[in-house]
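Given next are the chains, with one letter for each unit.
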Amino acid sequence: MQPPDPARTLEGHLYYPGPMNGDFVDAYDEQVWNVFGFFAYRVSSRSDAEDLTQQTFERALRAWSRYDPERAPLGVWLTSIARNLLVDHYRRGGAAPRQEPIDSVPEEQLGSELAQPDLGIDPALAEALATLSPRDREIIALRFGADLTGPEIAALTDLALPNVQQILSRSLRKLRAKMEEPASS
């Protein structure tokens, strides 16, 4: 006897039965903004955050039948996939676009239209986040972007819960101080 095909349609959606009762569409609807939020805190453009969010759910869909809610809650499982994709993104050189003075760029390489505004996080917050260490930015992104709890962050990062709490507290103080600084003219 042939095993049943793991992919089938359910009301027009792909359905991958897994160990948890529910379907992938429900998991997507529940977690998509948390995954996107994690990336919004970590990458410089909304389009990169959208692309990485899409890739996270593509990987999750392929691995859906192996998801075990006994090992990790859904949000933690998806965020671990997202963290791996973020590392790959940085390795490919996606950490930050190259910056050079406009007068040193040949005219033919300059765009003729204004770029659309990036609808990611507030520019002042992005500037303040850039002053934090990579580890501190990651903890902030996991807490406020991915909406993970302290214990979930500790489990995901292999840090002790008091350490996670201390990093969050210290990082939030730094962010507050940076954002309350008078704007430099």
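Scroll up to find the structure this text is about.
Residues numbered from 1 in each chain as written. Predicted model: local features only at pLDDT ≥ 70, side-chain atom pairs only at ≥ 80, totals over all residues. Heavy atoms only, no water.

Asker: Describe helix α3 (residues 74-91), naming the residues involved and giving the relevant values.
Answerer: Between its first and last C-alpha atoms α3 spans 26 Å; for 18 residues at 1.5 Å apiece the expected length is 26 Å, and the two agree. Within α3 the residues assigned to the buried category are Leu 74, Gly 75, Val 76, Trp 77, Leu 78, Thr 79, Ile 81, Ala 82, Leu 85, Leu 86 and His 89. Contact partners of the buried residues in α3: α1 (24-42), α2 (46-63), α5 (134-145) and α6 (150-157). Count one or two residues on from α3 and you reach Gly 93, which has phi positive near 90 degrees. (Helix = DSSP H or I, 4+ residues; strand = E, 2+ residues; numbered from the N terminus. Expected span 1.5 Å × (residues − 1). Buried < 20%, exposed > 50% of the residue type's maximum accessible area, 1.4 Å probe, protein only. Contact = heavy atoms within 4.5 Å.)

Asker: Residue-level account of the nonpolar core, with values.
Answerer: Phe 38, Phe 39 and Trp 77 are the most contacted members of the largest nonpolar core, which has 44 residues in total. Listed by contribution, the elements that provide at least two residues to this core are α1, α2, α3, α4 (123-130), α5, α6 and α7 (161-180). Top contributing element to this core by residue count: α1, with 9 residues. Here Trp 77 is in contact with Ala 60, Ala 63, Trp 64, Tyr 67 and Ala 72, once residues within four sequence places are set aside. (Core = buried A, V, L, I, M, F, W, Y, C linked by side-chain atoms within 4.5 Å.)

Asker: How would you summarise the packing of aromatic side chains if you had to cite specific residues and measurements?
Answerer: Across all of its chains, the model carries 8 aromatic pairs by this definition. Centre to centre, the rings of Phe 24 and Phe 57 are 6.2 Å apart; their planes meet at 75 degrees, and the pair counts as edge-to-face. One end of the pair, Phe 24, is in helix α1; the other, Phe 57, is in helix α2, and 33 residues separate them in sequence. Chaining the aromatic ring pairs together yields one cluster made of Phe 24, Tyr 28, Phe 57, Trp 64, Tyr 67 and Trp 77. When the ring centre of Phe 144 is taken as reference, the NZ or CZ atom of Arg 143 above it lies at 5.4 Å. (Phe/Tyr/Trp six-rings, centres within 6.5 Å; stacked < 30°, edge-to-face > 60°. Lys NZ or Arg CZ within 6 Å of the ring centre and 35° of its normal.)

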